[in-house]
Amino acid sequence: MKDNLLILEIENHEYGIDFYDPFFFLLRDLLYEGTWETFAADVSVHKEHIERIHKLQSIEKKTGKISGSLFLPISTQEMKSYFKELNLNLFELKNAVPDGLYELAQDESESEELDEAIKLMDFVIETWPMYAKAYELKGTFLIEKGDQEEGIALLKTAIEIDPTLAEAYSELGQAYYNLEDYEMAIEEWEKELEYTPYDKFAYFMIADAYRKMGKIGSAIDILKRFVSEDKKTILARYELMDLYNQLGEYDVAKDYEDQILKMMPYYPGDIESWAKVLFKNERYDEVIKVVEEHVQKYPIDSHFKILLVVPYAKTGRYDEAKRILNEFKNQKDWYFYGKKELFETNLSPEELNLCGIH
């Protein structure tokens, strides 16, 4: 056992703190959902571990909850070393659940520590070989790294272990889509919808795959299914409007347009499609009101401000339109250039010039 790093004095009581105490906080949160009692039950045959847990519980009673995340990051190799030094056998931890390690690997992948995240999932698979989500996540990571074959094989293993694992079907669908095997992609996403019937992503990806195959009728059918599941969706109605226009069925397309005109965006992701329909019908004040209120309430969605350029220009507020455009040119130029078609479709050459769009 390593010597104490420090002596912690709380309310005239001294606690010796060593290298292993932070690791125990981590284990509690990663494997036991923050519960000391279940952790203690699993290590009850180890007197020194029980004493440590009691010490840490006592500290928390005086200081309040101490989050294990304070002691991150930790590598898989460090974790293995701690288990070895503590003579702590993972197979003894009968009530441990690796959901926290799964989430930790997701966090690591988002911070570009993909190789470390894969190592962590290897560790989970080695210790919990029937934990399907570890195969799913590792498979997803490998596909992201370009190893399509092994990634797909791992996703299939995850489904063999847990046929209800919707995430694995979703990732398999994406993998086949990227390989341009649209039929297989659709098959996997349809399986996903058996377990998550309200998954917007799956419906839209199936529709897009049908588009890629030239099966517009099938794309329409899947989006109609989604509209029947989610009465609030504007984006699905917008896509249906576009598809019927492609087929030359303008009366049906106009019916979906009229439905959108009677709706207000419930989902943030529907705001742009809704705004485009209102622009077409010259209802600019409504867009200004909805977008301004949304951005004020949810500053994280400030990118929606760029939609205000069109109604501001149409109502003569060119200085405000130019201010927004300059903000995006300076800070989010990629988003500005992605919206040039929106401006060119809805603004005249004179209005574009007055806004400073060239």
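Asks: In this structure, what is going on with the overall build of the protein chain? I would like to understand it.
Replies: Looking only at helices and strands, one finds 21 helices and 2 strands in the protein chain. Against the globule reference of 21 Å for 358 residues, the protein chain gives a C-alpha radius of gyration of 27 Å, more extended than a compact globule. Structurally, the protein chain occupies a C-alpha span of about 80 × 50 × 35 Å along its principal axes. Within the protein chain, the fraction of its 358 residues that count as buried is 47%.

Asks: Is there a simple way to think about unusual backbone geometry in this case?
Replies: Backbone phi values are negative for most residues with the exception of glycine, while trans is the configuration of most peptide bonds. In the segment running from Leu72 into Pro73, the intervening peptide bond is cis, with an omega of 5°. Mapped onto the fold, Pro73 is located in the loop between helix H3 (47–63) and helix H4 (76–85). Positioned with a positive phi, Glu11 is a non-glycine residue whose angle comes to about 50°. Along the polypeptide, Glu11 turns up in the loop between strand S1 (6–10) and strand S2 (13–17). The backbone of Asn12 sits at a positive phi, close to 65°, despite the residue not being glycine. Within the fold, Asn12 resides in the loop between S1 and S2. Residue classification places Asn12 among the exposed residues on the basis of a relative accessible area of 73%.

Asks: When you look at the pattern of salt bridges in this model, what are you seeing that I'm missing?
Replies: Working definition: two side chains of opposite charge can pair if their charged atoms are close together. Across all of its chains, the model carries 25 salt bridges by this definition. As a salt-bridge pair, Arg225 and Glu190 come within 3.1 Å of each other at their nearest N and O atoms. One end of the pair, Arg225, is in helix H12 (residues 216–229); the other, Glu190, is in helix H10 (residues 182–195), with 35 residues separating them in the sequence. Judged by its relative accessible area of 24%, Glu190 falls in the partly exposed class. Shared partners join several salt bridges into a network, and the residues in it are Asp18, Asp21, Arg52 and Lys55.

Asks: I keep staring at helix H8 (residues 148–161) and nothing clicks. Help me out?
Replies: Helical geometry: 3.6 residues make up each α-helical turn, so side chains three or four residues apart lie on a common side. Between its first and last C-alpha atoms H8 spans 20 Å; for 14 residues at 1.5 Å apiece the expected length is 20 Å, and the two agree. Among the residues of H8, Gly151, Ile152, Leu154, Leu155, Ala158 and Ile159 are the ones counted as buried. With its buried residues spanning 160° around the axis, H8 presents them on a single face. In H8, the exposed residues that point more than 90 degrees away from the buried face are Glu149 and Glu160.

Asks: What's the story with the pairing of S1 in this structure? I'm lost.
Replies: Each regular strand displays side chains that alternate between the two surfaces of the sheet. The pairing of S1 with S2 spans 5 bridges and is antiparallel. When the sheet's bridge partners are listed, Ile7 is paired in S2 with Gly16. Turn length for the S1-S2 hairpin, with the two strands adjacent in sequence and antiparallel, is 2 residues, and the turn residue Glu11 shows positive phi of about 50°.

Asks: How should I be thinking about the packing of H10 against helix H11 (residues 200–212) in this particular structure?
Replies: Where H10 meets H11, the closest approach of the two axes is 9 Å, and the angle between their N-to-C directions is 160°. The angle between H10 and H11 falls in the class roughly antiparallel. For the pair H10 and H11, the sense of crossing is left-handed. Only Phe201, Ala202, Tyr203, Met205, Ile206, Ala209, Tyr210 and Lys212 of H11 make contact with H10, whose side of the interface consists of Tyr182, Ile186, Trp189, Glu190, Glu192 and Leu193. Grouping the amino acids of the contact of H10 with H11 by side-chain chemistry returns 11 nonpolar, no polar and 3 charged.

Asks: Before we go on, may I ask you to explain the nonpolar core in this structure?
Replies: Soluble globular proteins: nonpolar side chains tend toward being buried together. Counting residues in hydrophobic clusters, the biggest one holds 125 residues, and the most contacted among them are Leu31, Phe83, Leu93, Leu101, Met121, Val309 and Phe343. Each residue touching Phe83, except ones within four places of it in the same chain, is listed here: Phe23, Leu27, Leu88, Leu90, Leu93 and Phe123.

Asks: Just to check I follow, could you spell out a negative patch on the surface for this structure?
Replies: Taken together, the side chains of Glu33, Glu103, Asp107 and Glu110 make up a negatively charged region of the molecular surface. With respect to the element layout, Glu110 can be found in helix H5 (residues 99–110). The class for Glu110 is exposed, based on a relative accessible area of 67%.

Asks: Any chance you could explain helix H9 (residues 166–178) here in plain terms?
Replies: The end-to-end C-alpha distance of H9 is 19 Å, a good match for the 18 Å that 13 residues give at a rise of 1.5 Å each. Buried within H9 are the following residues: Ala166, Ala168, Tyr169, Ser170, Leu172, Gly173, Ala175, Tyr176 and Tyr177. Trailing H9 by a residue or two, Glu180 shows a phi angle of about 65°, which is positive.

Definitions and limits used
Residues numbered from 1 in each chain as written. Predicted model: local features only at pLDDT ≥ 70, side-chain atom pairs only at ≥ 80, totals over all residues. Heavy atoms only, no water. Helix = DSSP H or I, 4+ residues; strand = E, 2+ residues; numbered from the N terminus. Rg over C-alpha atoms; globule rule 2.2 N^0.38 Å. Buried < 20%, exposed > 50% of the residue type's maximum accessible area, 1.4 Å probe, protein only. Salt bridge = Lys/Arg side-chain N within 4 Å of Asp/Glu carboxyl O. Expected span 1.5 Å × (residues − 1). Arc of directions from axis to C-beta. Pairing = 2+ DSSP bridges. Axes fitted to C-alpha atoms, helices over the stretch in contact; angles between N-to-C directions. Parallel < 35°, antiparallel > 145°, perpendicular 65-115°, else oblique. Left-handed = near helix turned anticlockwise from the far one by under 90°. Contact = heavy atoms within 4.5 Å. Nonpolar A, V, L, I, M, F, W, Y, C, P; charged D, E, K, R; others polar. Core = buried A, V, L, I, M, F, W, Y, C linked by side-chain atoms within 4.5 Å. Patch = residues over 30% accessible without salt bridge, like charges linked within 9 Å, V, L, I, M, F, W, Y side chains within 5 Å. Areas by Shrake-Rupley, 256 points an atom, 1.4 Å probe, with all protein chains shown as cover. Lys, Arg positive; Asp, Glu negative; His and termini not counted. Charge placed at Lys NZ, Arg CZ, Asp CG, Glu CD.

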